[in-house]
Amino acid sequence: MTVEGQRPHRHREIVDVHLVIRRGGPEGEEVLLARRAGTGYADGLWHLPSGHVEDGEDVRSAVLREAYEEVGLQLEPSDVRMALVMQHRGPGGAPRTGWFFETSAGGTPVNREPDKCDALAWYPLSALPDGMVAYARAGVAAYGAGERFLLHWHEDGDDIAYEEGRDRSVVLPRTTAGSVHHIELWVADLAAAEASWGWLLGELGYTPYQHWELGRSWRLGSAYVVIEQSEALTGDRHERTAPGLNHLAFHIRDRTALDALVERAGAHGWSLLYAEDHPWAGGEQHCAAYLEDALGHEVELVAGGRSHALSPGASSTR
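Residues numbered from 1 in each chain as written. Predicted model: local features only at pLDDT ≥ 70, side-chain atom pairs only at ≥ 80, totals over all residues. Heavy atoms only, no water.

1. Side note on the overall build of the protein
Rules: In this text, helices come from DSSP runs of H or I with a minimum length of four residues, and strands from runs of E with a minimum of two, each type numbered from the N-terminal end. Only protein chains enter the accessibility calculation, which uses a 1.4 Å probe. A residue is then buried if its area is under 20% of the maximum for its type, exposed if over 50%, and partly exposed in between. Residues are treated as being in contact if the distance between any of their heavy atoms lies within 4.5 Å. Surface accessibility follows the Shrake-Rupley procedure with a 1.4 Å probe radius. Residue values consider only the protein chains on display as shielding.
Within the protein, the secondary structure is distributed over four helices and 17 strands. In terms of its C-alpha atoms, the protein occupies a principal-axis envelope of roughly 75 × 40 × 40 Å. Scored against the burial criterion, the 318 residues of the protein give a buried share of 44%. When contacts within the protein are restricted to residue pairs at least 6 apart in sequence, long-range pairs at least 24 apart make up 63% of them. Split by element, the accessible area of the protein, about 17000 Å² in all, is 49% carbon and sulfur.

Quick look at the structure:
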């Protein structure tokens, strides 16, 4: 209720930025975390490189500045991509809006603020540490699962640190009209397909979703991929040159991630197609890898955030 003639105060929030720095590791994709120290807030807990947006500064400029100030990465605007937007509130605190960006560029991170951070460490994206600021862990986990909009609202009695079994995350669904709901592949050997596709989809950020006697699925955001050894199969090998599905194509973050995945793919049932032209088999501006599994299924992995048009006719023989 307001006094007549007076307007209510407009809601205002601090805007903060967070940087998900990624690299390939022996257990898959890893993310860089910094352990807070000497700040008076969340000291001893792991967090992403982060900071507040300054007056008159846009969020991208802010994350580039923070990347250099905290971990010494000199990034260009084209080096960062939007990862997640989260409105969050700490225990007893005021709401904030956090913008999460991702990058794998800029060289080797170093601790440039030892008065605020006493350690840097890489953790698998799929195995984040418990001793982490709760909302930051929720943001990274949601990002890894393909979500892009999130609420994380602490209750006043909560701990700042992540607590197993207490998740305050609320995913805000995106518009799905017209987007892919799921893709289903019938396979002649479920075990072999699970070994190759499970590994590949996991590398691309998918997580196990469904499991039944004749099938498996993996999910990223609202879409999922199914492999099934149906009892109604009429053949024992997929023929990608016959009418029907030729291949599936997925984005992969960048050339570095592409090279790392291709190097490991052979150990998981995938062979590289068009090796003599790799990674430009689709055209001189289309950086991609073409892989085939033992059952004849082909995938195309396209490096970079934006797709370039294939050279005329390039896909007709793939």
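2. Digging into the pairing of strand β6 (residues 95-103)
Quick reminder of the rule: Note on pairing: two strands pair once DSSP finds at least 2 bridges between them.
Burial analysis of β6 places seven of its nine residues in the buried class, which makes it a mostly covered element. Bridge count between strand β5 (residues 81-89) and β6: eight bridges; the pairing is antiparallel. Residue pairing in the sheet places Gln87 in a bridge with Thr97 of β6. Linking β5 back to β6 in an antiparallel pair, the connection comprises five residues, with Gly92 at a positive phi of about 75°.

3. What about helix α4 (residues 255-265)?
Here is the rule we go by: Here, the arc refers to the directions that run from the helix axis to the C-beta atoms. Definition of a polar contact: a pair of N or O atoms within 3.5 Å, with one able to donate and the other able to accept a hydrogen when the atoms are protein atoms, and with sequence-neighbouring residues admitted only if both atoms are side-chain atoms.
What α4 keeps buried is the set Ala257, Leu258, Leu261, Val262 and Ala265. Around the axis of α4, the buried residues are gathered within 130° of arc, so they sit on the same side. In α4, the exposed residues that point more than 90 degrees away from the buried face are Thr256 and Glu263. Tucked into the core, α4 has its buried residues touching α3 (190-203), β14 (248-252), β15 (270-272), β16 (288-293) and β17 (298-303). The N-cap of α4, judged by a side-chain oxygen 3.3 Å from the amide nitrogen of Thr256 a few residues on, is Asp254.

4. Some details on the environment of Ala265
With respect to the helices and strands, Ala265 occurs in helix α4. Separated by 27 residues in sequence, Ala265 and Glu292 have C-alpha atoms that sit 9.9 Å apart.

5. Some details on the pattern of salt bridges
Our working rule: We define a salt bridge as a contact between a side-chain nitrogen of Lys or Arg and a carboxyl oxygen of Asp or Glu at a distance within 4 Å.
Overall, the coordinates contain 21 salt bridges when judged by the stated rule. Linking Glu203 and Arg264 is a salt bridge whose minimum nitrogen-to-oxygen distance equals 2.2 Å. Here the residue Glu203 occupies a position in helix α3, and Arg264 occupies one in helix α4, the gap between them amounting to 61 residues. For Arg264, a relative accessible area of 24% corresponds to the partly exposed category. Sharing partners across several salt bridges, the network here consists of Arg22, Glu29, Glu102, Arg253 and Asp254.

6. Focus on a nonpolar patch on the surface
Short version of the rule: Patches here are clusters of residues that have more than 30% relative accessible area and form no salt bridge, with a 9 Å joining cutoff for like charges and a 5 Å cutoff for nonpolar side chains (Val, Leu, Ile, Met, Phe, Trp, Tyr).
Taken together, the side chains of Phe149, Val170 and Leu172 present a nonpolar region at the surface, about 230 Å² in accessible area. Looking at the secondary structure, you find Phe149 in strand β8 (residues 149-153). With a relative accessible area of 36%, Phe149 lands in the partly exposed category.

7. Quick word on the nonpolar core
In summary, soluble globular proteins display a tendency toward joint burial of nonpolar side chains. Definition in use: To define a nonpolar core, start from buried Ala, Val, Leu, Ile, Met, Phe, Trp, Tyr and Cys residues and group those joined through side-chain atoms within 4.5 Å.
Ranked by size, the top nonpolar core spans 29 residues in total, and within it Trp197, Phe250 and Leu301 carry the most contacts. In contact with Phe250, not counting residues within four places along its chain, are Trp197, Leu201, Leu204, Tyr206, Val299, Glu300, Leu301 and Val302. Counting residues in each nonpolar core, the second largest holds 25 residues, with Leu84, Leu128, Ala136 and Val140 among its members.

8. Side note on the sheet that holds β14
Quick note on the threshold: Axis lines are fitted through C-alpha atoms, for helices just across the contact stretch, and the angle between N-to-C directions can take any value from 0 to 180 degrees.
The strand order β14-β17-β16-β15 describes an open sheet built from four strands, whose pairing is mixed. A single partner strand is all that each edge strand has here, and the edge strands are β14 and β15. Each strand axis lies, on average, 30° off the axis of its neighbour in the sheet, ignoring direction. Pairing of β15 with β16, which is carried by three bridges, proceeds in the antiparallel orientation. Counted as the bridge partner of Leu272 is Leu291 from β16. Sheet strands in contact with α3 are β14, β15, β16 and β17, and its direction is about 70° off that of β15. α4 rests against β14, β15, β16 and β17 of the sheet, and its axis sits at about 20° to β16.

9. Re unusual backbone geometry
Look at the link from His278 to Pro279: it is a cis peptide, with omega at 0°. With respect to the helices and strands, the residue Pro279 is situated in the loop between β15 and β16. Even without glycine at this site, Ala42 takes up a positive phi of about 60°. On the secondary structure map, Ala42 appears in the loop between β2 (28-36) and β3 (46-47). Residue classification places Ala42 among the buried positions, given a relative accessible area of 9%. You will see that Tyr274, though not glycine, has its phi angle at about 55°, which is positive. Assignment of secondary structure puts Tyr274 in the loop between β15 and β16.

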